[in-house]
Structure formats: structure tokens, C-alpha cells
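Topology and contacts: notes
Given next are the chains, with one letter for each unit.
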Amino acid sequence: MCRHLGYVGPPTSVGELLTRGTHSLRTQAWAPKEMRGGGTINADGFGVAWWRNGACGAPQASRYRNPDPIWTDPAVEEVLPQLVSGAVLGSIRSATVGMPVERAACAPFVDGRWAFSHNGAIPEWRRVLTAVTSDLDVAATRAGATRLFETARLLEAEAATDSAALWVLLRDLLRSTDSGDYAKTPATALRLLVDAVLRHMPTARLNLLIGDGEQVWATTVHHALSAFVTDDVAILSSEPYDDDPRWQPIPDRKLVSARPGVLSIEELTPPDTERSTP
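One structure accompanies this document, and this report is about it. Numbering of residues starts from 1 in every chain and runs along the sequence as written. Two thresholds apply to this predicted model, a pLDDT of at least 70 for residue-level local features and 80 or more for giving and counting side-chain atom pairs, whereas whole-chain, interface and lining totals are computed over all residues. Only heavy atoms go into the side-chain values, all of them from the structure, while hydrogens and water stay out.

1. Examining the packing of aromatic side chains
Put simply, the rule is: We call Phe, Tyr and Trp rings a pair once their centres come within 6.5 Å, taking the six-membered ring for Trp, and we label the pair stacked below 30 degrees between planes, edge-to-face above 60, and tilted otherwise. We count a stretch as a helix when DSSP gives it H or I for four or more residues in a row; a strand needs E for two or more, and each element gets its number in order from the N terminus. Classification of residues uses two cut-offs on accessible area relative to the type maximum, computed with a 1.4 Å probe and protein chains only: under 20% is buried, over 50% is exposed, and between them is partly exposed.
For the structure shown, the criterion picks out 7 aromatic pairs. Relative to Tyr64, the ring of Phe46 has its centre 6.1 Å away and its plane inclined at 50°; by these criteria the two rings are tilted. Here Phe46, found in strand β2 (residues 46-53), pairs with Tyr64, found in strand β3 (residues 59-66); they are 18 residues apart in sequence, far enough to count as distant. Accessibility expressed as a relative area gives 27% for Tyr64, which makes it partly exposed. Where Tyr241 meets Trp247, the ring centres are 5.2 Å apart and the plane angle is 85°; that geometry is what we call edge-to-face. In terms of burial, Tyr241 and Trp247 fall into one category: buried. Grouped by ring-pair contacts, the aromatic residues Phe109, Phe116 and Trp167 constitute a single cluster.

2. Topic: the pairing of strand β9 (residues 226-229)
As a reminder, the rule being used: Two strands form a pair only when DSSP identifies at least two bridges running between them.
Here 4 bridges tie β9 to strand β10 (residues 234-237), and the two strands are oriented antiparallel to one another. By the bridge assignment, Ser226 is partnered in β10 with Ser237. The loop that links β9 with its antiparallel partner β10 comprises 4 residues.

3. Description of the environment of Ala165
Heads up, the rule is: When checking whether two residues touch, look at their non-hydrogen atoms; a contact exists if any pair is within 4.5 Å.
Among the secondary structure elements, Ala165 is positioned in helix α5 (residues 162-175). As a C-alpha pair, Ala165 and Val138 span 27 residues in sequence and 19 Å in three-dimensional space. Setting aside its immediate chain neighbours within four residues, Ala165 contacts Trp125, Leu129, Leu154 and Ala157.

4. Some remarks on unusual backbone geometry
Note the cis peptide between Ala107 and Pro108, where omega equals 5°. You can see Pro108 is positioned in the loop between β4 (84-93) and β5 (109-111). One non-glycine residue with positive phi stands out, namely Arg253, at about 60°. Structurally, Arg253 can be placed in the loop between β11 (248-249) and β12 (254-259).

5. Digging into the nonpolar core
The tendency in soluble globular proteins is for nonpolar side chains to be buried as a group. Note the threshold: Residue types Ala, Val, Leu, Ile, Met, Phe, Trp, Tyr and Cys, when buried and joined through side-chain atoms within 4.5 Å, form a set referred to as a nonpolar core.
Leu129, Val197 and Leu206 are the most contacted members of the largest nonpolar core, which has 42 residues in total. Elements with a minimum of two residues in this core: β6 (114-121), α4 (125-142), α5, α6 (186-200) and β7 (205-211). With 9 residues, the top contributor of residues to this core is α5. Here Leu129 is in contact with Ile122, Leu154, Asp162, Ala165, Leu166, Leu169 and Val197, once residues within four sequence places are set aside. Core analysis: the second largest hydrophobic core is formed by 20 residues, Leu5, Ala29, Phe46 and Phe228 among them.

6. Regarding the pattern of salt bridges
Here the idea is simple: oppositely charged side chains can pair when their charged atoms come close. Applied cut-off: Here a salt bridge means any side-chain nitrogen of Lys or Arg lying within 4 Å of a carboxyl oxygen belonging to Asp or Glu.
Applying the stated criterion across every chain yields a total of 18 salt bridges. In this structure, Glu16 and Arg20 form a salt bridge, with 2.7 Å as the shortest nitrogen-oxygen distance. Note on Glu16: relative accessible area 32%, which makes it partly exposed. A salt bridge links Asp195 to Arg199; the shortest N-O distance between them is 2.6 Å. Within this pair, Asp195 and its partner Arg199 are both found in helix α6, separated by 4 residues, close to a single helical turn. Of the residues examined, Arg199 reaches a relative accessible area of 46% and is grouped as partly exposed.

Printed below as a string of C-alpha cells:
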């Protein structure tokens, strides 16, 4: 469906990270190894987010996106290498049939210090995410919060895609403070959202990836993910970009968080929500 990569470590060239290794993210656009039933190439656009310190010193995400194939954009080698950051989130896209191929549909989606990418698909996504919105609203109301998760919020999505609408819900969870303060526990927000989607659509494919400039979090539901973590660097990637033996494949149905020196892999969903992988 798509490929993505999240990096936290020493300052590095944003463009170089997209082309790093013999099986770089750019190479995965035309020669992916583990698409798992979601197309053959990733030629429907790409994007990359990087972080800089904002006015208050907190990391703020900036981004560049293009709906054309990554291999056709000269900015990857002529402009993006001039940008340097200690955190990067890159994504290449294979559009689900029926969804638009346009810049607004390309990840990463950003909000303040957050950047997000989705590798997967949600069948009947309009119906499913409307139902998920109602579930989140009920949960927030029970927690004494204001009504944060109204269905109309989905109209704020940048594009008419499952990924863009999913980001609206996750973004609002990360913004909320009176119903959980998920910005302090983004792993909990991911688990809550994935569990809600799977209740309404057990066959949804939900490899989600978020970063805040200091750490990256991901989920594995159907699609592949690998981790490369040392004392100096943390990388989560749909596919390893080289043959370094320190890459570690992540099993299905896991919740992953990574920062330099730390890799956490937990169960994502309770057994009663699990499905058989097609």
C-alpha cells in the first residue's frame, strides 16, 4: 500500500535519508519487497517531515510533499539534502483504488510537533471512521470531556482518503487534555484508535507511524515493519534500507516505540479483537 520510515538520531541530511542504502525508501517506490497484497509499486506521491525548534524551543514539524513519483522529483537530490534535522519521517504512497492522487493525500500529515503516516487501508472507511468517531465521543464524554469527537470533524481531513481522516481522529486525541492527555502517552492514543477501527472493520490494515521530533511510535497490523536501534539512533521502517544485521523485524499486532538506546515492543490489541491475516 505504502512505505514509510521514521528516524531519530544525530542531525542528518533529510534528502540523504530518503536515498540511503541499497534499498532506500526511494528504491522501495519502484522495487518494494513486502507489499503484502497492496499493489506492486508506490508511485502515487511522497512526502517527508523534519523537525526544527519552534519559538518556545519545542520541536515543530515542517514538511514537503509531491503527488508525483519520488524518482521524478529533483528536489530529493538538489534541495532536500541541504536540510539537516535530528528527526525525519518519510513516506511514499500507493493510492488505494478510488482514492485521489493529489498532494493533499500524501503523508506525512502534520500538526505542531506531530507528524503521521499510514501504511494500509480501511475498507468502507467513511462508515467505519464515522462509527469510530462516535465511539471516541462517547469515551470522551464519560471521562467528563467536552465533545471533541463530533462526526463533522472528519470534514477537516486534507483529502478524501482513509489516511487523512484517520489523522484527524488521532490528531484530536493528541490535542486533548481533559480526556486523557494523550500527547503525554501517544502509545495509548494509537492503541485506542486502532482498537476502535478493528472493532468496526477487522480486516483494516493499520501500520501507523507518528513522531514528535524526539521519538517515534508505530503499530503493525498486516504490513511489515523493521526497527534499527542503537545507542545513537532509532529507525522504524517498512523495509530495511540496507543489509545491516542489526535490523529487527517486528511481528504483527505490535505497538512499537523507539528512541536512541530504547526499543519497546508491546502487544497492540487484546486477543478478542484479533483476526487472521489474509
